Amino acid sequence: MEKGRVLLLSAGTLFVLAVVSILSLEAQGVGEAQANAAARADVVKIDTMKTLGALELPPVTFLHDKHTAALEKAGKDCKACHLEKDGQLVVKFKREKDTTQAEVKAIYHENCIGCHATMAKKGEKTGPQDGDCRSCHDAKSKIVSAKQPAGFTNALHFRHTETKEIPSGLKSENGEVAKDNCDRCHHEFNKETKKTFYAKGKEGSCRVCHLEKSSKESRSMAEASHAACVNCHRSLALKGVKATGPVQCAGCHSKEAQEKIALKNNDVVAKAPEGTKLIRRNQPELTLMSIEKPVEGMKPLAMSPAVFNHKLHEKNVESCRTCHHKGIQACNKCHTAAGSKEGGYVQLEQAMHRATAKQSCIGCHNQKKSEAKCAGCHDMIKARKTPATAECKKCHIQGKLVVPAEPGGQMPAYWNMKPEEKAAAAATLLKDRADKADVFSTEDIPEKVTIKGLSNEYEASEMPHRKIVMKLVENIKDSKMSGVFHSDPGTLCQACHHHGQPGAKKPPKCANCHGKPFDEKEPNRPGLKAAYHGQCMGCHKAMALKKPLNTDCVGCHKEKKK
Amino acid sequence: MKRRQFLGLLGAAGITATLGTTAQASTKSFDGYPEAKGVLFDATRCIGCRKCEAGCNKVNKLPAPDKPFDDLKVLDKERRTDEKTYTVVNKYQGKNGPVFRKTQCNHCMEPACASVCFVQAFKKNPDGSVTYDASVCVGCRYCMVACPFSIPAYEYNDPLTPRVMKCTMCHDQIEKGEITMPGCVNACPKEALTYGKREDLLEIARARMLKNPGRYVQHIYGEKEMGGTNWLYISGESFSTIGMREDLGNTSVPAMTAGPLSVVPMVAALWPALLGGVWAINKRKEKVAEEEQKAAVKAAKAATKAEAEAKLAKAMENAERDKTQAIEREVKRALEEAENARKEAEAAENTDTPDDTEGKGA
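What you see is a predicted model; the values in this text were computed from it and never measured.

### Quick word on the sheet that holds strand β1 (residues 37-42) of chain B
Residue and element names in this part refer to chain B. The 3 strands are arranged β8-β1-β9 in an open sheet whose pairing can be described as mixed. Looking along the sheet, the strands with just one partner apiece sit at the ends: β8 (193-197) and β9 (231-234). Recorded for the sheet is a direction-independent mean angle of 25° between the axes of neighbouring strands. Sheet topology places β1 next to β8; 5 bridges connect them, and they run antiparallel. Its bridge partner being in β8, L40 is matched across the sheet by T194. Sheet strands in contact with helix α7 (residues 198-211) are β1, β8 and β9, and its direction is about 130° off that of β8.

Written out as structure tokens, the structure is:
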């Protein structure tokens, strides 16, 4: 019994110790309160010191909006954490530069924990204190970042150029403020004087110089954009301007805020007078896209230039960077015919035609094919790596670049043409190109097609053929691009009436090629039943049709009464 | 002697064990029957209409299900094959909407069920199917334990003649010529199931992946899993999304157990004989040594005894001799003393009376 009593006593002591520790000494993780899996847009991972040396503890998951809200309640503003330099807030925390790991660490710890300690003394609910290292340096933080990249689209840019709240800093000779306020944001960088200056006509995207990571030459895009944008929004807000941009993280980076901004953008653009250009950068409306000037003496073996409607394409992209991904200039400046270092050795042919690239012509057109309106047919058409030869003339309207037979004959030097000449040539060529979608006449499109070859458990299927074709015609009506590619009347039929003579008015029956399934000689050709179902259901699924559902058998063919 | 005996046994056992394993590493390998057929399931084509289940039910004359086959609400719960259902279709959540997968026996190239069945109730046929013979089954259900896909089901409710129930790839019906392809394959409206030679199916699967870049996960499930199966799967979503085990590895169950099992004949037959023989020899040696020892001890004992007896006899003899001698000596002495006493008495008498011949003296 002696041993039992000792055990009981020690167990009891341990239990009391545990209870006391948990309740009064708070021997538990303070950071557990953050274990809400809700996604937030203001998550900042503080890992600045990574560039200054190896990290001892995991990066800190910092919730910026949470702190700004708390400081606002306490009557404080951005200056509580951000220093001011030349009237602008420095986006770094309580410092202008990253010096050494020890110094930066001290700044963070003293100021963060210091503030928390001050608040705790006042009895307010605050963040982790000294000793709660892992509450901030949480490797397994359950907080998910829902930060969307804050895209600056042409429409948003338009709002910035049109507003009166951002006047230009330049004055003309007679003292009038310049009309265009480009100089307020756009600048070039002088490497010698290490100063920025405004260069008219050279305005481009910030991301040409401000890349993902900071470098010796330029700050990262994140730093630069926050320093420029948030500061300007804030100073306007301090002046009392209501129509200013967001200052909180979620104001630009959350999905909801972006949807709201997009709506407002569309609103402003729609209200703008007809023919207003969103970006005024002397861009051409019509132009020719050709190879660069060939090397002296070499015959340019190429296609004739592609006619390009720049104005139409501008309307269909969100920002110039969609195509001008490295800077506002012609593609062939970097993407030469043979490839160059500036172009990443991507030749002009690839830059224009690569079916999988987002910036290439063909690649972008292919992306359009995956929209629900178009996917019904295009999902089932085999993806091509290179465009079909018959399609070249849709863009290269004259086809191959014809080398003159007689010696000394002048090559049309498209690369040397002035913009006005190019536009005129383009306009002339466009007259030869059909750009309206076309189908066969209504009498030639059968109204109903009865599919009864396999009827066994079900009756014959009465397919509303003309109705379907007309719906497809309606889908491609609005797009000029699809008009160009579907200008041949037989083209639209090709998705279903495939592998036959394109443009035939009376295509062959499906059963002419599709018969018994699992034919060893034709392993990739489905049998007739699967051909019908695969074709119809594939289209319905790609277009996300709710009626008829693929599993609704009687929706297409009635059940046979026994 | 005991330590050496132990080491000897160990050596014998070890050498025979190594002999056994080298015999296993033969150069012949079997890659499956060349004409074996299989089925390719394309998860991107399946729409979850359950016509395959209906087709299987009809062709195999299975009992009618609780809910009809056109009831698609059953897909909301994940089902498994049971004794009345050779195959089920299950619904899973994919990236862009639901995806479906059909479950049934995968007709492995080296089936686990056939391997563990000690009465050979399962047979891998040359046509690729794995079929079950109820007439020899004892109902141990090792096959259910062994199957990595948990497919075989059992007729627990049948008390007298319960059977293991699983997909047969319609082997009997196809052999008899009633149908040309399994019931499920025939019923599928989308040709999500393709029936053909296994080699051809692998080529078809690869061709589909090549023709549609980005549409499929670049892996044919069943090509190598568990040593290869005759039911192959390709999918647009990851295989774990559609409820398939990705942790099975490429070794078939027979290959896993072949190593230890190959040792059994040796352990059961050779070791008893060999080790028994070694032990018997040792025991005999011991016995002989013991006997020799016993004999030696006995001889030594007898020798010692004889020696002791001889010594004793000699000692006794000596003692006897001594005793006689002593007696003689004493007698002699006594005689001498008596003689002397007489002589003295005589002498004394002589002095006393000159001639006393009458009367006294004697």
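### Remarks on the packing of aromatic side chains
What describes a pair of aromatic rings is the distance from one ring centre to the other and the angle between the planes of the rings. Under the counting rule described, the total for this entry stands at 7 aromatic pairs over all chains. With a centroid separation of 5.3 Å and 15° between ring planes, the pair formed by F93 of chain A and Y108 of chain A is classed as stacked. Of this pair, F93 of chain A sits in the loop between β5 (88-89) and α3 (101-121) while Y108 of chain A sits in helix α3, placing them 15 residues apart in sequence. Overall, F93 of chain A belongs to the buried group, its relative accessible area being 15%. A residue is classified by how much of its surface remains accessible, and Y108 of chain A, at 13% relative accessible area, is buried. For the pair F41 of chain B and Y233 of chain B, a centre-to-centre distance of 5.9 Å together with 65° between the ring planes defines the contact as edge-to-face. Highlighted residues: F41 of chain B in strand β1 and Y233 of chain B in strand β9, separated in sequence by 192 residues.

### Some details on the nonpolar core
All names here are of chain B. Residues F149, V185, L193 and W231 are the most contacted members of the largest nonpolar core, which totals 40 residues. Mapped onto this core, the elements with two or more residues apiece are β1, α2 (51-59), β2 (88-94), β3 (97-103), α6 (183-187), β8 and β9. Membership of the second largest hydrophobic core comes to 10 residues, among which are L40, I204, Y216 and I220.

### Things to note about the interface of chain A and chain B
How large an interface is tends to be reported as the accessible area lost when its parts come together. If you look at the interface, chain A gives 18 residues, while chain B gives 22 residues. Carbon and sulfur atoms make up 63% of the surface buried where chain A meets chain B, a total of about 1600 Å² over both sides. On the chain A side of the interface with chain B, the three residues burying the most area are F518, K529 and T551 of chain A, jointly 35% of the side's total. Applying the counting criterion to the chain A and chain B interface returns 0 salt bridges. Tallied by class, the residues present in the side of chain A that touches chain B amount to 8 nonpolar, 6 polar and 4 charged.

### Notes on unusual backbone geometry
Residue and element names in this part refer to chain A. Of note, the amide linkage connecting K547 to P548 takes the cis form, showing an omega dihedral of 0°. For P548, the location among the structural elements is in the segment after α17 (528-542). Positive phi outside glycine occurs at Y345, with the angle close to 60°. Within the secondary structure, Y345 sits in the loop between α9 (310-316) and α10 (348-353). Owing to a relative accessible area of 56%, Y345 belongs among the exposed residues under this scheme. Positive phi outside glycine occurs at A544, with the angle close to 55°. The topology assignment puts A544 in the segment after α17. Residue A544 is classed as exposed on the basis of its relative accessible area of 53%.

What counts and how
- Residues numbered from 1 in each chain as written.
- Chains lettered and ligands numbered in written order.
- Predicted model: local features only at pLDDT ≥ 70, side-chain atom pairs only at ≥ 80, totals over all residues.
- Heavy atoms only, no water.
- Pairing = 2+ DSSP bridges.
- Helix = DSSP H or I, 4+ residues; strand = E, 2+ residues; numbered from the N terminus.
- Axes fitted to C-alpha atoms, helices over the stretch in contact; angles between N-to-C directions.
- Contact = heavy atoms within 4.5 Å.
- Phe/Tyr/Trp six-rings, centres within 6.5 Å; stacked < 30°, edge-to-face > 60°.
- Buried < 20%, exposed > 50% of the residue type's maximum accessible area, 1.4 Å probe, protein only.
- Core = buried A, V, L, I, M, F, W, Y, C linked by side-chain atoms within 4.5 Å.
- Buried area = accessible area lost by both parts, 1.4 Å probe.
- Salt bridge = Lys/Arg side-chain N within 4 Å of Asp/Glu carboxyl O.
- Nonpolar A, V, L, I, M, F, W, Y, C, P; charged D, E, K, R; others polar.

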